[in-house]
Amino acid sequence: MAAMIEVLASGPLATVQDLGRPGLAELGVSRSGAADRAALRLANRLVGNDESAAGIEITLGGLAIRLTTAATVACTGARCPLSGHPGGWNAALSCPAGTVLVLGPPAVGLRSYLAVRGGLAVPAVLGSRATDTLSGLGPAVLGPGQRLPLGSATAGPPGTAGDLGHPGTELPAGIARLRLATGPRAEWFEPGPLPEAAWQVRPDSDRIGTRLAGPALRLRPGFEQCAAELPSEPTLPGAVQVPPDGQPIVLGPDAPVTGGYPVVGVLPEADLDVLAQLRPGAVLRFVSAPTGPRSAASGRPR
Amino acid sequence: MTGWRLLPYGQSAVLVELASPADVLPARNALVAQGHPAVLAVVPAARTVLVQIDPDALAMAELRAWIDECLRTADAGVAAADRPEPVELAVRYDGADLDSVARRCGLSVAEVVRRHSTAEYTVQFCGFAPGFGYLSGLDPLLRLPRLASPRPLVPAGSVAIAGEFTGVYPRSSPGGWLLLGSTDAVLFDLDRDPPALLRPGTPVRLHPA
């Protein structure tokens with residue numbers, strides 16, 4: 001029988017993810033890929049894969065899989081109670097054929113990653129096996145009965161987190177602090193609430209955006225019209241958009257590549273991994289990150 | 001190039017804001033043609049172009065200087081040799097909003113069709129969905145705001161207008177643009193290389209089917 005993972009249960013949302021489709025924004029294609037890239041990379045290194053191999057991104061646990069063949073597996077990210085193997089989190093687990101692994105709900109964090117030695121060999125679309133939940137590119141969202149073929153590409157022997165010098169993603173206990181660098185339309189808004197307030201992650205957050213609740217961000221006098229008439233601008237994952245209700249949205253990996261709401265700030269890449277672990281109800285604060293010297297204007301005067 | 005501003009966009013990108021929408025494609029072309037090993041992506045939109053870099057390979061100040069230099073020496077127009085082959089699309093003018101667009105513009109339906117199908121369009125940028133091109137060049141008389149509340153389902157191939165742009169929905173999706181017609185052209189096909197029929201800079205001509 002071909003080497004496969006059989007999905008028995010998927011929990012609230014489980015998808016195949018790798019490091020996505022960077023560089024295709026000009027065609028309207030979002031980056032997609034793992035929301036917590038450090039956790040996927042670690043899972044892959046633990047099983048001896050290239051860091052960019054495809055694994056499973058699990059949201060709030062609930063995944064159950066059966067292995068049709070003996071395989072080496074690693075789980076990282078939000079720590080779930082694991083049954084089916086005596087080994088633990090952030091470790092390479094040797095599993096005999098027929099093993100059924102069940103991940104319960106994590107006590108802390110939101111997204112967990114499961115990598116299998118050899119990677120998931122679902123067909124690549126535009127160079128990536130990631131599921132883009134907005135555009136539908138890549139494999140379907142996982143559900144019971146689906147079978148995922150295992151690949152054979154490896155980069156080295158399985159390792160331990162100790163060998164790799166990587167303890168696994170630090171999940172924030174209590175209030176998370178995320179760095180925020182200046183965005184293109186920061187000057188349009190009254191200063192204050194964004195750096196000062198505590199922001200709560202809303203339940204309607206997903207891979208397209210993490211929606212925050214807090215005091216409304218207000219436009220400074222004279223900028224209302226600018227915001228209302230702003231034509232579509234390019235976006236990146238981590239951009240903090242402010243829709244008319246003043247409640248910010250941090251764009252996620254599956255967000256559209258252009259958007260019509262002003263961007264006040266942008267999270268550094270590394271902080272996206274922390275954001276990816278904040279579940280609805282979690283509280284975060286922004287601390288300012290440097291963007292380098294700012295020049296208000298350059299080129300010819302206009 | 002009549003002028004530009006460089007706006008901060010976090011630690012790995014800069015947003016170039018152009019003085020005129022007509023400068024967006026020339027600016028994008030100049031940045032792409034010049035090229036830089038640390039530049040990961042150049043993404044145009046309606047008035048702005050995002051330049052994304054590997055921040056470990058290039059300092060922000062150097063990026064800004066490089067962009068300014070590229071734009072100072074850029075040609076305002078697009079050299080004919082750099083212009084991709086035009087894409088021709090046959091359009092059936094049977095859209096659900098055709099009558100109301102004509103009424104709101106004070107034109108006959110035939111005149112809306114004539115103006116929409118004779119304009120010279122260029123893909124200014126892509127967004128919204130893979131393969132969705134924002135075509136500039138729409139007749140000023142046909143500029144209307146999008147629907148206040150988007151339709152839950154716009155069929156694939158719908159030819160539509162909103163603001164200064166016209167475009168074609170690559171697949172069925174929710175959408176708020178005003179529907180003038182439809183085309184059988186396949187806008188995004190993963191078995192084609194490149195998959196997107198419309199890319200920034202592509203000239204587009206429409207013909208009534």
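Caption draft 1: Molecular detail of the environment of Gly127 of chain A. Assignment of secondary structure puts Gly127 of chain A in the loop between β9 (111-116) and β10 (147-149). For the pair formed by Gly127 of chain A and Arg21 of chain A, sequence separation is 106 residues and the distance between their alpha carbons is 6.7 Å.

Caption draft 2: Quick look at helix α1 (residues 37-46) of chain A. Residue and element names in this part refer to chain A. Of all the 10 residues making up α1, 10 are buried; the element is thus mostly covered by neighbouring parts of the structure. Burial in α1 covers these residues: Arg37, Ala38, Ala39, Leu40, Arg41, Leu42, Ala43, Asn44, Arg45 and Leu46. Positive phi shows up at Gly48, right after α1, with a value of about 80°.

Caption draft 3: Examining unusual backbone geometry more closely. The step from Asp193 of chain B to Pro194 of chain B runs through a cis peptide bond, and the omega angle for that step is -5°. Turning to its location among the elements, Pro194 of chain B is positioned in the loop between β12 (178-182) and β13 (203-208). At Ser32 of chain A, a position not held by glycine, the phi torsion is positive, near 55°. Assignment of secondary structure puts Ser32 of chain A in the loop between β2 (13-17) and α1. By C-beta crowding, Ser32 of chain A is classed as buried, having 32 other C-beta atoms within 10 Å. In this structure, Asn90 of chain A takes a positive phi of about 55° despite not being glycine. Of note, Asn90 of chain A is situated in the loop between β6 (82-83) and β7 (92-95).

Caption draft 4: Spatial organisation of the sheet that holds β10 of chain A. All names here are of chain A. Spatial strand order, β6-β8-β4-β1-β10: 5 strands in an open sheet with antiparallel pairing. Edge strands, defined here as strands with exactly one partner in the open sheet, are β6 and β10. Sheet analysis places β6 next to strand β8 (residues 100-103), joined by 2 bridges and oriented antiparallel. Considered in β8, the bridge of Ser83 is made with Val102.

Caption draft 5: The arrangement of the confidence of the model for chain A in detail. On average, residues of chain A score 92 in pLDDT, and 92% of them reach the 70 mark or higher. Per-residue pLDDT stays below 50 along residues 292-302 of chain A; that stretch engages in 23 contacts with residues further than four places along the chain or on separate chains.

Caption draft 6: Focus on the sheet that holds β7 of chain A. All names here are of chain A. Ordered in space as β2-β3-β9-β5-β7, the 5 strands form an open sheet in which the pairing is antiparallel. The two strands at the open ends of the sheet, each matched to only one other strand, are β2 and β7. Averaged over all pairs of adjacent strands, the angle between strand axes in this sheet comes to 25°, irrespective of strand direction. Sheet topology note: the strand β3 (residues 55-59)/β9 ladder contains 4 bridges and is antiparallel. Residue pairing in the sheet places Thr59 in a bridge with Arg111 of β9.

Caption draft 7: A look at the confidence of the model for chain B. Residues with a pLDDT of 70 or more make up 97% of chain B, whose mean pLDDT is 93. Predicted as a complex, the structure gets a pTM of 0.92 and an ipTM equal to 0.91.

Caption draft 8: View of the interface of chain B and chain A. Each partner contributes to the interface: chain B provides 43 residues, whereas chain A provides 39 residues. Its residues assigned to classes, the side of chain B that touches chain A shows 29 nonpolar, 9 polar and 5 charged.

Caption draft 9: Local environment of the domain arrangement of chain A. Residues and elements named next belong to chain A. By the assigned domains, chain A splits into domain 1 (4-164) and domain 2 (176-288). Relative placement of domain 1 and domain 2: their C-alpha centres are 28 Å apart. Taken together, the 20 residues of domain 1 in the interface contact 15 residues of domain 2. When the residues that make up the side of domain 1 that touches domain 2 are grouped by side-chain class, the tally is 8 nonpolar, 7 polar and 5 charged.

Caption draft 10: View of the domain arrangement of chain B. All names here are of chain B. What the domain assignment lists for chain B is domain 1 (4-80) and domain 2 (87-208). Of note, the centres of domain 1 and domain 2, computed from C-alpha atoms alone, are 27 Å apart. On the side of domain 2, 8 residues touch domain 1, which itself brings 9 residues to the contact. Considering each element in turn, the side of domain 1 that touches domain 2 owes the most residues, 4 residues, to helix α1 (residues 24-34). In terms of residue class, the side of domain 1 that touches domain 2 is made up of 7 nonpolar, 1 polar and 1 charged.

Criteria and thresholds
- Residues numbered from 1 in each chain as written.
- Chains lettered and ligands numbered in written order.
- Predicted model: local features only at pLDDT ≥ 70, side-chain atom pairs only at ≥ 80, totals over all residues.
- Helix = DSSP H or I, 4+ residues; strand = E, 2+ residues; numbered from the N terminus.
- Buried ≥ 20, exposed ≤ 12 C-beta atoms within 10 Å, placed from the backbone.
- Pairing = 2+ DSSP bridges.
- pLDDT = per-residue confidence, 0-100.
- Contact = placed C-beta atoms within 7 Å.
- Axes fitted to C-alpha atoms, helices over the stretch in contact; angles between N-to-C directions.
- Nonpolar A, V, L, I, M, F, W, Y, C, P; charged D, E, K, R; others polar.
- Domains from an automatic or database assignment.

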